[in-house]
There are 2 protein chains.
Amino acid sequence: MQYETDELKKVGLKATLPRIHVLQLLLSNEGEHMSAEVVYRKLHESGVDVNLATIYRVLTQFEEAELVERHQFDATTSVFELKQDDHHDHMVCVRCHQVIEYVNAEIEALQESIAKQHGCEIVDHKHVMYVICHECSVKK
Amino acid sequence: MQYETDELKKVGLKATLPRIHVLQLLLSNEGEHMSAEVVYRKLHESGVDVNLATIYRVLTQFEEAELVERHQFDATTSVFELKQDDHHDHMVCVRCHQVIEYVNAEIEALQESIAKQHGCEIVDHKHVMYVICHECSVKK
DNA sequence: TTTACTGCAAACTGTTTGCAGTAAA
DNA sequence: TTTACTGCAAACAGTTTGCAGTAAA
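Residues numbered from 1 in each chain as written. Chains lettered and ligands numbered in written order. Predicted model: local features only at pLDDT ≥ 70, side-chain atom pairs only at ≥ 80, totals over all residues. Heavy atoms only, no water.

Student: Help me out: how do you make sense of empty space enclosed by the protein in this one?
Tutor: In this approach, a probe sized like a water molecule rolls over the atoms, and the result shows the empty space that is left. All names here are of chain A. Per the counting criterion, the structure on display carries 1 cavity of 30 Å³ or more. Quantified by volume, the largest cavity comes out at close to 40 Å³. Every residue along the wall of the largest cavity is listed here: Glu 69, Glu 81, Leu 82, Lys 83, Gln 84, Asp 86, His 87 and His 88. Taken together, the residues that form the lining of the largest cavity break down as 1 nonpolar, 3 polar and 4 charged. (1 Å grid on protein atoms, 1.4 Å probe; cavity = no way out; pocket = protein on both sides within 12 Å on 5 of 7 lines; lining within 4 Å. Points joined across faces, edges and corners; volume = space filled by probe spheres on them. Nonpolar A, V, L, I, M, F, W, Y, C, P; charged D, E, K, R; others polar.)

Printed below as a string of C-alpha cells:
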C-alpha cells in the first residue's frame, strides 16, 4: 500500500482509500482492460465498498494523471488499463472478449506518412481489430 | 425520388417518406459523416419533419441493409455515411471536425499478418487518426 | 483545521422501445 | 385491407454532477 500511496502523491493526488484500492486492483491485474462496472464489482467481491460514481471520478483522474489509458472497444462502454511505457494497439475477440495487445512500427510509420501526405499532423489515433481469436476458432 | 424508391425496394424496405428523405439527404451530401441529430436538423431546415426516433430507426435499417456505414469517432455519437464500394479509413480533424478518408493497402495487409501471427481472424476493424488538418494548422 | 474527496441521488446524453395510430402495398 | 412503419413519450445505459458530510494533510 505504500507503493500506491507514493504513486498517487507523485501525480498530485491525495492518497485516499478509494484511489488506493482502484490502483491496487489495476496493478494486480496488469494487462486487463476493465470497465468502471467491472472495477466496481471486483472491489466489492474483495470486500471493498467504493461508490460507482467515485470509481468513475478516480479513473478519470488517473487518466488525466496519465496513470491509466481509456479505450472504447464497443459503442457503449469505456475500459481502462494501466498505462504502459510503450504504445500499443489492440485486437479484441468478438466471441470471448479477450484483448490482445500488439505493436507494429511499420503501421505507425505508414500512418504518419499518410497524414503528412494530406498535410495533417496526427495528435492521436485508435486502431482496433475485431477478431475471432485462436481458442474461439478452435472450439468451433 | 424514383431512384430512392427503387434503392429502398431493392433492399426490401417499403419506400416510405421518412426513408426517402433520409436517403435523399445522404445522397446529396456524399462524403459527409452525419449524426442522427444532424440528419434530423438538416431535414427540418428543408421543411421535412421526421421524428428523431424514426431517423435512428431508419439509419439502423440502412446500416443493416448495407446502404450506410456507422462510425463512432468520439465517445458519444455515431455518424453515418453512404456505403461506398471500397473500404476506407478516416482521419478526423480535432479542431474543425472535418473527416478525410484514405485507403492504404499496406496497412490492411499488415493488419492481416499481425492477426495471423496471433492465430486470429479479423472480422472487422476501425482505424481512426485524430489530426490537426492543414487548414487548421495554417490558421494557427 | 482546512480543503480535497466521497457517497448519494438526481441529472444528463445519445439511443432504443412499446404502443396506438397511419400510410404503403 | 393488410401489415409494415411512424410519432410520441417513456425507458434505457453508461456516465457525470451538485451537495452535504468525511477524511487526508
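Student: It is not clear to me how the nonpolar core should be interpreted in this structure. Could you clarify?
Tutor: Most often, soluble globular proteins have nonpolar side chains that are buried together. Within the largest apolar cluster, 30 residues are counted, with the highest numbers of intra-cluster contacts made by Met 91, Cys 120, Met 129 and Val 131 of chain A together with Met 91, Cys 120 and Met 129 of chain B. Within the residue set of this core, elements represented by two or more residues are β4 (89-93), β5 (99-102), α5 (105-117) and β6 (121-132) of chain A together with β4 (89-93), β5 (99-102), α5 (105-117) and β6 (121-132) of chain B. Beyond its immediate sequence surroundings of up to four residues, Cys 120 of chain B is in contact with Met 91, Ile 100, Val 131, Ile 132, Cys 133 and His 134 of chain A together with Ala 115 of chain B. (Core = buried A, V, L, I, M, F, W, Y, C linked by side-chain atoms within 4.5 Å. Buried < 20%, exposed > 50% of the residue type's maximum accessible area, 1.4 Å probe, protein only. Helix = DSSP H or I, 4+ residues; strand = E, 2+ residues; numbered from the N terminus. Contact = heavy atoms within 4.5 Å.)

Student: Looking at this structure, I do not really get the pattern of salt bridges. What am I missing?
Tutor: Any two side chains of opposite charge can pair, on the condition that their charged atoms come close. All names here are of chain B. Scanning the entire structure with this criterion turns up 8 salt bridges over all chains. The salt bridge involving Lys 10 is made with Glu 7; its shortest N-O contact spans 2.9 Å. Of the two residues, Lys 10 and Glu 7 both sit in helix α1 (residues 2-10), 3 residues apart, roughly one turn of that helix. Overall, the relative accessible area of 64% leaves Lys 10 in the exposed class. A residue is classified by how much of its surface remains accessible, and Glu 7, at 15% relative accessible area, is buried. (Salt bridge = Lys/Arg side-chain N within 4 Å of Asp/Glu carboxyl O.)

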